[in-house]
Amino acid sequence: MTASSSREVIVEADGGSRGNPGPAGYGAVVLDPVTGETLAEAAEYIGVATNNVAEYKGLVAGLKAARELFPDAAVHVRMDSKLVVEQMSGRWKIKHPDMKPLAAEAGRVFPAGRVRYEWIPRERNKHADRLANEAMDAGKLGRAWEPSASTAALDSAAARNAATLPPSGPPGDATAGAARARAALATAGGPEPGGTRTAPGGTHSAPGGGTGTGAWPGAVSRPTTPDAETGPGTGAEDGLFAAEEAAPPATASGDFEAEAAAARPAALQPPAAAPRQGWSGGPDMGAPATFVLLRHGETALTPEKRFSGSGGTDPELSAAGLRQAEAVAEALAARGTVQEIVSSPLTRCRQTAAAVAARLGLDVRVEQGLRETDFGAWEGLTFREVRERYAEDLDAWLASPKAAPTGGGESFATVARRVAATRDRLTAAYAGRTVLLVTHVTPIKTLVRLALGAPPESLFRMELSAASISAVAYYADGNASVRLLNDTSHLR
């Protein structure tokens, strides 16, 4: 084939590690953007390495294969690694020392102006993924990958889709669909949405009308910080609960919450909330700060449904919890939207965060405000044991978010003020970015409750499993979108 400066090719690349770090390999394929024809393939077992190293090596191999065919070509790189795509596009900083030389090597293969990068879902990167797995399988047997033995090209669906995929948009961009809907309402002359104040968002719409895999679906609103529940667009219920922020019991099962809900006095049912204003005030349509809320994996206390807060033994993850942390790390890497990681200081969260950070090649920042409630003398006890030993204190705790556990623990009102202040600091620090917060039951449910503007009793009616993912996006005008709650699909 002759080189042509007008020629464009597609490079799809992938890498994997069975253990992270563990036995690793990469795969890359060069495709014709019009016909989907496979022009070249590359794959190699690289020994023990991380997923990110393998992905970068796959990128380098794919670019070099494209250069050998068409030295003057324009290259469209498509990968399911958001980390690699965003770093090579210059939107994310490269912090990990192992990534910097690989990124520099990739950048030298072609002039920067002739390479563009696009993130694609994993299911659309099957050709390169299969090549990477073939390389790892060969390495396991002590062999080198052989092109003649490869069957990756048989999976031609990914190649034939190469010229048709819409761009996915930048991470955290979940406003396009809402903007179109708002414009349509204005054109139709209909009233602005009223009742609950709904933030821009909903399902992530990618340019061209597609649904972006990297977004967190849903949309509802949040009140402002409990200490400042006033100002335009807030309802009467905001002031009512300003001094009585509550969060749910920090347990691993809904069984505890059902017991607590049944024991809670009927007099605590909140009055009807005043309606919120709609979008007439002009909402902020900019990119939100999106918090992906990850509850830590299991500890030895979790399956026994024991109180486990910040005032107890600070247990480590169990073997099951470590497996959960690896599973959620893999799921977040596939989704590819996380740009920063912030963790509670407690060991179980830091271990969970470390697993994700290793997979994504990110650092972990520790935030004291994300720690769990201090349950005082109840630490390590089951709900039934607390009922048997401290019945009066438990009744008072269930009756009011201002009541603290026996022995000087924290009330839910105190925890909510701490969590809300932490939320405000982090939303200011990470405006427009997607941040993984690795934390506990009480902080996550509190963030969701505040985002919904819901009464304290609502937190006793939420299930939040170990290693589950939830998500809330925060806009500069005070609106929020609750986009996910208690997702455990990655654990199945």
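A few points on the structure. (Residues numbered from 1 in each chain as written. Predicted model: local features only at pLDDT ≥ 70, side-chain atom pairs only at ≥ 80, totals over all residues. Heavy atoms only, no water.)

Here we come to the overall build of the protein chain. Helix and strand counts for the protein chain stand at 14 helices and 11 strands. When contacts within the protein chain are restricted to residue pairs at least 6 apart in sequence, long-range pairs at least 24 apart make up 75% of them. On the protein chain, roughly 19300 Å² of surface is accessible, and the fraction owed to carbon and sulfur atoms is 52%. (Helix = DSSP H or I, 4+ residues; strand = E, 2+ residues; numbered from the N terminus. Contact = heavy atoms within 4.5 Å. Areas by Shrake-Rupley, 256 points an atom, 1.4 Å probe, with all protein chains shown as cover.)

Turning our eyes to something else, we now look at the nonpolar core. In this structure, Leu 59, Leu 63 and Val 77 are the most contacted members of the largest nonpolar core, which totals 34 residues. Examining the composition of this core, we find that eight residues originate from one element, helix 1 (residues 51-69), more than from any other. In contact with Val 77, not counting residues within four places along its chain, are Val 11, Leu 59, Leu 63, Val 115, Arg 116, Tyr 117 and Glu 118. Membership of the second largest hydrophobic core comes to 23 residues, among which are Leu 293, Met 462, Leu 464 and Tyr 474. (Core = buried A, V, L, I, M, F, W, Y, C linked by side-chain atoms within 4.5 Å. Buried < 20%, exposed > 50% of the residue type's maximum accessible area, 1.4 Å probe, protein only.)

A separate point is the packing of helix 1 against helix 3 (residues 99-109). Helix 3 packs onto helix 1 with a crossing angle of 15° between their chain directions and a minimal axis gap of 9 Å. Accordingly, the angle class assigned to the pair helix 1 and helix 3 is roughly parallel. The element helix 1 and its partner helix 3 pack so that their crossing is left-handed. Between helix 1, through Asn 52, Val 53, Tyr 56, Lys 57, Leu 59, Val 60, Leu 63, Lys 64 and Arg 67, and helix 3, the contact on the second element is made entirely by Met 99, Leu 102, Ala 103, Glu 105, Ala 106 and Val 109. Split into classes, the residues belonging to the contact of helix 1 with helix 3 amount to 10 nonpolar, one polar and four charged. (Axes fitted to C-alpha atoms, helices over the stretch in contact; angles between N-to-C directions. Parallel < 35°, antiparallel > 145°, perpendicular 65-115°, else oblique. Left-handed = near helix turned anticlockwise from the far one by under 90°. Nonpolar A, V, L, I, M, F, W, Y, C, P; charged D, E, K, R; others polar.)

Overall, the coordinates contain six aromatic pairs when judged by the stated rule. Taking 6.1 Å as the distance between ring centres and 70° as the angle between the ring planes, the aromatic pair formed by Phe 307 and Trp 397 counts as edge-to-face. Placement of Phe 307 in the loop between strand 6 (289-295) and helix 9 (319-335) and of Trp 397 in helix 12 (residues 391-399) is noted, with a sequence separation of 90 residues between them. What makes Trp 397 buried here is its relative accessible area of 2%. A network of ring pairs unites the aromatic residues Phe 307, Phe 375, Trp 378, Trp 397 and Phe 412 as a single cluster. (Phe/Tyr/Trp six-rings, centres within 6.5 Å; stacked < 30°, edge-to-face > 60°.)

On to the environment of Ala 153, then. With respect to the secondary-structure elements, Ala 153 resides in the loop between helix 4 (126-140) and helix 5 (157-160). Owing to a relative accessible area of 41%, Ala 153 belongs among the partly exposed residues under this scheme. Spatially, the C-alpha atoms of Ala 153 and Arg 130 are 8.9 Å apart, while their sequence positions differ by 23 residues. Setting aside chain neighbours within four positions, we find Ala 153 in contact with Thr 38, Glu 41 and His 127.

At the junction of Asn 20 and Pro 21, the peptide bond is cis and its omega measures out at 0° in the coordinates. Residue Lys 305 is not a glycine yet carries a positive backbone phi of 60°. Examined against the element boundaries, Lys 305 turns out to sit in the loop between strand 6 and helix 9. Within the chain, Ala 467 stands out as a residue other than glycine whose phi angle is a positive 60°. Mapped onto the secondary structure, Ala 467 falls in the loop between helix 14 (441-452) and strand 10 (469-474). Taking relative accessible area as the criterion, Ala 467 reaches 1% and is therefore assigned buried.

What follows covers the sheet that holds strand 6. The mixed open sheet is built from six strands, whose spatial order is 8-7-9-6-10-11. Looking at the sheet topology across the chains shown, the edges are occupied by strand 8 (364-366) and strand 11 (480-487). Each adjacent strand pair in this sheet contributes to an overall mean axis angle of 20°, direction not counted. Judged from the six bridges that link them, strand 6 and strand 10 form a sheet pairing that is antiparallel. When the sheet's bridge partners are listed, Leu 294 is paired in strand 10 with Ile 469. Relative to the sheet, helix 13 (residues 412-429) contacts strand 6, strand 8, strand 9 (434-439) and strand 10, its axis offset from that of strand 6 by approximately 130°. Relative to strand 6, helix 14 is tilted by about 145°, and along the sheet it contacts strand 6, strand 9, strand 10 and strand 11. (Pairing = 2+ DSSP bridges.)

Quick look at the pattern of salt bridges now. A side chain of one charge can pair with a side chain of the opposite charge when the charged atoms of the two come close. On inspection of all chains with the given rule, the structure shows 20 salt bridges. Residue Glu 105 is joined to Lys 64 by a salt bridge in which the shortest nitrogen-to-oxygen separation is 3.0 Å. Placement of the pair is Glu 105 in helix 3 and Lys 64 in helix 1, with a sequence separation of 41 residues. Owing to a relative accessible area of 32%, Lys 64 belongs among the partly exposed residues under this scheme. Across the pair Lys 82 and Glu 86 runs a salt bridge whose closest N-O atoms are separated by 3.9 Å. (Salt bridge = Lys/Arg side-chain N within 4 Å of Asp/Glu carboxyl O.)

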